[in-house]
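Chains, contacts and geometry: an overview
Letter by letter, the chains look like this.
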Amino acid sequence: MILNETYTLSTGVRIPRLGLGTWFIDDDKAARAVTDAVDIGYRNIDTAQAYGNERGVGEGVRTSGIDRDDLFVSSKLAAEIKNYDDAVAAIDGSLRKMGLDHIDLMLIHSPQPWEDFRGGDYAEGNRAAWRALEEAYEAGKLRSIGVSNFERRDVENLLSTCTVAPQVNQLLVHVGKTPAELIAYCESQSILVQAYSPIAHGKILNNENVAAMADKYGVTVPQLCIRYTLQLGTQPLPKTANPDHMRSNAQVDFEIADDDMDVLRNMAQFEDYGDSRKFPVFSGK
């Protein structure tokens, strides 16, 4: 069962192959979502400072009834933090807010502030924030460190000066949005790609071609999409607060044939994110 399977990061840390995303889960509902997920068998929980629910996620982790060492908890530095001092304070702030003595994975949420996504040059600021992550990693506050939404040039900027290489790059990956070259580059650097929004923020549910292929395999569209990202070698983070959806999302123990993987991999660029286009990562930038 997928919930019992793991990847191994470059440092030897094991991370469950399927995680729970918590974007847009309100803070007062996050604890219940986490405990429901843990009861179902999830052991990988992803949040971020920008989500505004670290307190609730931390409460869910602490009250889950599962030993802390058996859970993998991730968070992310706010994208606007591009200096060392603010990054140090933000890491400690996340630990306090979540009520945890360590975080299993901490990422830089974006190489640019959201208001300038894919815009200016923040290379120096990213290196400064990364230094804070490295020091927290060495101090045992963070078990793993990485990045999110980083393109190759952004990763190379960190690799040029870092003492600890990124272990993860969390990217928008789904059918119709498969950054194959970037995924291959990350693999060449022993960087695991996490796939957020593997169901295209829900908008791919209306795609007739994807629905037809899901019918072919006797699965739901979300199950097909999650399985697709797994077979790419990435680690999907489908978001839901619905226990029924959590269970269904974990029922992905089937195999997509190579020919069908090629069809999905080469599917036309997905462009219709509906209302979600107001968010930078879905805006087409």
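Residues numbered from 1 in each chain as written. Predicted model: local features only at pLDDT ≥ 70, side-chain atom pairs only at ≥ 80, totals over all residues. Heavy atoms only, no water.

A word on the packing of helix H7 (residues 208-217) against helix H10 (residues 258-265)
Quick note on the threshold: Convention adopted: a line fitted to C-alpha atoms gives each axis, helices being fitted over their contacting stretch, and angles between N-to-C directions are expressed from 0 to 180 degrees. Only DSSP runs of H or I with at least four residues qualify as helices, and only runs of E with at least two residues qualify as strands; both kinds are numbered from the N terminus onward. Any angle that is under 35 degrees is reported as roughly parallel, and any over 145 degrees as roughly antiparallel; angles of 65 to 115 degrees are reported as roughly perpendicular and all others as oblique. Take the far helix as the reference: if the near one is turned anticlockwise from it by less than a right angle, the crossing is left-handed, and if turned clockwise, right-handed. Note on contacts: a residue pair is in contact if any heavy atoms of the two residues lie within 4.5 Å. Charged means Asp, Glu, Lys or Arg here, nonpolar means Ala, Val, Leu, Ile, Met, Phe, Trp, Tyr, Cys or Pro, and polar covers whatever is left, Gly included.
Axis separation between H7 and H10 bottoms out at 12 Å; the angle between their running directions is 160°. Judged by the angle between their axes, H7 and H10 are roughly antiparallel. H7 and H10 meet at a crossing whose hand is left-handed. Between H7, through Met 213, Lys 216 and Tyr 217, and H10, the contact on the second element is made entirely by Asp 260, Val 263 and Leu 264. When grouped by side-chain class, the residues that make up the contact of H7 with H10 number four nonpolar, no polar and two charged.

Looking at the UniProt feature "domain: NADP-dependent oxidoreductase" (unreviewed entry) in the chain
Heads up, the rule is: UniProt positions are given in the numbering used here, feature names are shortened, and annotations may be inferred rather than shown by experiment.
In the UniProt entry, the feature "domain: NADP-dependent oxidoreductase" (unreviewed entry) is given for residues 18-265. As a span, residues 18-265 carries 43% helix and 13% strand, and end to end its C-alpha atoms are 20 Å apart.

A closer look at the packing of helix H2 (residues 54-62) against helix H3 (residues 84-98)
Packed helices, taken two at a time, are described by the angle their axes make and the gap between the axes. Across the interface, H2 lies against H3 with an axial gap of 7 Å and an inter-helix angle of 55°. By the angle between their directions, the pair H2 and H3 is classed as oblique. Within the contact between the two elements, H2 uses Glu 54, Arg 55, Val 57, Gly 58, Glu 59 and Arg 62 and H3 uses Ser 94, Lys 97 and Met 98. Here the contact of H2 with H3 is built from residues that sort into two nonpolar, two polar and five charged.

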